[in-house]
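Architecture at a glance
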Amino acid sequence: MNKYVAKVMEDLRAKQPWEKEFLQAAEEVLSSLTAVLDADPVYEKNKILERMVVPERVILFQVPWADDKGEIHVNQGYRVQFNSAIGPYKGGLRFHPSVNLSILKFLGFEQVFKNSLTTLPMGGGKGGSNFDPKGKTDNEVRNFCNSFMRELYRHIGPNTDVPAGDIGVGGREIGYLFGQYKRCRNSYDSVLTGKGLEWGGSLIRPEATGYGNTYFAQEMLATKGQSFEGKRVLVSGSGNVAQYTVEKLIQLGAKPLSMSDSNGTIIDEDGIDEEKLAFVFDLKNNKRGRISEYAKKFPTAKYYEGKRPWGLTKADVAMPSATQNEIDAQNAKDLIANGCTCVSEGANMPSTPEAIEVYKAAKILYAPGKASNAGGVATSGLEMSQNAIRLSWTREEVDEKLHNIMRSIHKNALEAAAEYGTPGDYMNGANIAGFKKVAAAMIAQGF
Ligand code: NDP
Ligand code: 2IT
């Protein structure tokens, strides 16, 4: 490891030893930068790493709300405004009981480099709450969103910070949050993305992360002269990203074999087809049910309680699309032993550092989420563009732009990896390409 990186990491660990996820994300990015930092002293001279690892601003607030029985609950709300060198802060909101500052700092930090890779002018941020939407009524979710935005509205704006969805925040929550923002500000601003089509949303935004990851994996496979046709694919999760990953895989002639949630995994050896996927859309988005229902409905599937998909069956490709650290070293070994030659991350940081070591040793294709799942935020950027010009593009236009952005990210990551001596290493390439643009803007703007 480069001495400058070692020093910055040592300082970080000493200051916030409890921020496990953030330290993991910081170490992954910084250790990719050795060749760049060695080649040019300008970064160390300008203390770029020290500035990049500290958010520009963190907002922490209380979110009191009442349930349907009138009982009062208090959650914590957060917005981490990480870096605004290349555009307004941009990134999702996560509502999940596990949310804490370490997780939001890791996500905000990743977002800085991801957004830089999209080719669009967006800085990085992330926010959310330890609120658990599971089992809550629409009324309770609305009460919570109203209270959350009652505080957040004063810190965001179309040229300041533009939140969107993430785990536990989808179309329903964005609707409630937008309504409350508009009431607080008395202004119809392009302040959230992932909006409904009738009120400023973009076609293809719901599909964008899953489609984008599949386009990225397609590009990786093409470097080996392969396509998705007939490929057996393991997908984890059954939320927004997983659903549209499976949809695009079906369109490309692949055989998606699994979906999961926090209770367990279904494996369908016959493949998930359009009809079965329609059942999942209804189960998850309307009924808010559990994936175990799939195995009750379709006898071709088997349900594995408490298990993740990795290694449960033979597969060529893995597309983790649930949450961080969902593939450990043993899972990675199981995947490879079962024939996997490509891992393309839909989730943010789903592979542990030890799992990534296993991929590297086996020399399989591996795309880090900040490159392969950037289609979601890229299409959020396209939503902002459409709002700014007060026009909407067609489904085909947005999909084509998304596809081109994913091709550019793939190309830029590969070129940066080759330029700095690690050809084929998408992780190094993505970190380097993302870093250089943000660092150049920070240096140009002074301090
Ligand atoms: P959703 O809330 O729509 O779905 C999340 C899925 O992951 C659910 O099936 C959920 O199961 C599962 N999951 C969540 N937490 C855990 C956990 N701790 N253990 C096991 N399973 C879990 O979220 P998204 O699909 O939007 O997000 C999935 C991933 O993709 C996240 O890592 C997110 O950061 C990332 N991402 C999302 C983007 C987007 O545009 N939405 C863009 C880029 C990345 P359950 O219902 O049981 O909780
Ligand atoms: O992790 C992510 O990139 C997202 N959750 C999407 C963020 C966005 O602003 O669309």
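Quick summary incoming for the structure in this document. Note that the structure is a prediction, hence the values are computed from the model and not measured. (Residues numbered from 1 in each chain as written. Chains lettered and ligands numbered in written order. Predicted model: local features only at pLDDT ≥ 70, side-chain atom pairs only at ≥ 80, totals over all residues. Heavy atoms only, no water.)

For the rest of this paragraph, the subject is the overall build of the chain. Secondary structure summary: the chain contains 18 helices and 13 strands in total. The C-alpha radius of gyration computed for the chain amounts to 21 Å, which stays within 12% of the reference 22 Å derived for 447 residues, consistent with globular compactness. Principal-axis analysis of the C-alpha atoms gives the chain an extent of 65 × 55 × 45 Å. By the burial criterion, 58% of the 447 residues in the chain qualify as buried. In the chain, 71% of the contacts between residues at least 6 apart in sequence involve partners at least 24 apart. Total accessible area on the chain stands at roughly 17,900 Å², and carbon and sulfur atoms take up 51% of it. If the 54 positive side-chain charges of the chain are averaged to one point and the 53 negative ones to another, these points end up 3 Å apart. (Helix = DSSP H or I, 4+ residues; strand = E, 2+ residues; numbered from the N terminus. Rg over C-alpha atoms; globule rule 2.2 N^0.38 Å. Buried < 20%, exposed > 50% of the residue type's maximum accessible area, 1.4 Å probe, protein only. Contact = heavy atoms within 4.5 Å. Areas by Shrake-Rupley, 256 points an atom, 1.4 Å probe, with all protein chains shown as cover. Lys, Arg positive; Asp, Glu negative; His and termini not counted. Charge placed at Lys NZ, Arg CZ, Asp CG, Glu CD.)

What follows deals with the nonpolar core. By size, the foremost hydrophobic cluster in this structure holds 50 residues, and its most contacted members are F216, F228, V233, M259, M319 and I409. At 7 residues, the largest contribution of residues to this core is made by helix α9 (residues 205-222). Among the nonpolar cores identified, the runner-up in size contains 41 residues, and L37, V53, A85 and F109 belong to it. (Core = buried A, V, L, I, M, F, W, Y, C linked by side-chain atoms within 4.5 Å.)

Below, the discussion takes up the packing of α9 against helix α16 (residues 375-389). The description of two packed helices rests on the angle between their axes and on the distance between the axes. In contact at an axis separation of 7 Å, α9 and α16 are set at 145° when each is read in the N-to-C sense. Of the two possible hands of crossing, α9 and α16 adopt the one that is right-handed. Residues R205, A208 and T209 of α9 touch α16, and the partners they reach there are G375, G376, V377, T379, S380 and E383. Of the residues contributing to the contact of α9 with α16, the split by class is 2 nonpolar, 5 polar and 2 charged. (Axes fitted to C-alpha atoms, helices over the stretch in contact; angles between N-to-C directions. Left-handed = near helix turned anticlockwise from the far one by under 90°. Nonpolar A, V, L, I, M, F, W, Y, C, P; charged D, E, K, R; others polar.)

Bear in mind that shape data such as this cannot, by itself, settle questions of function.
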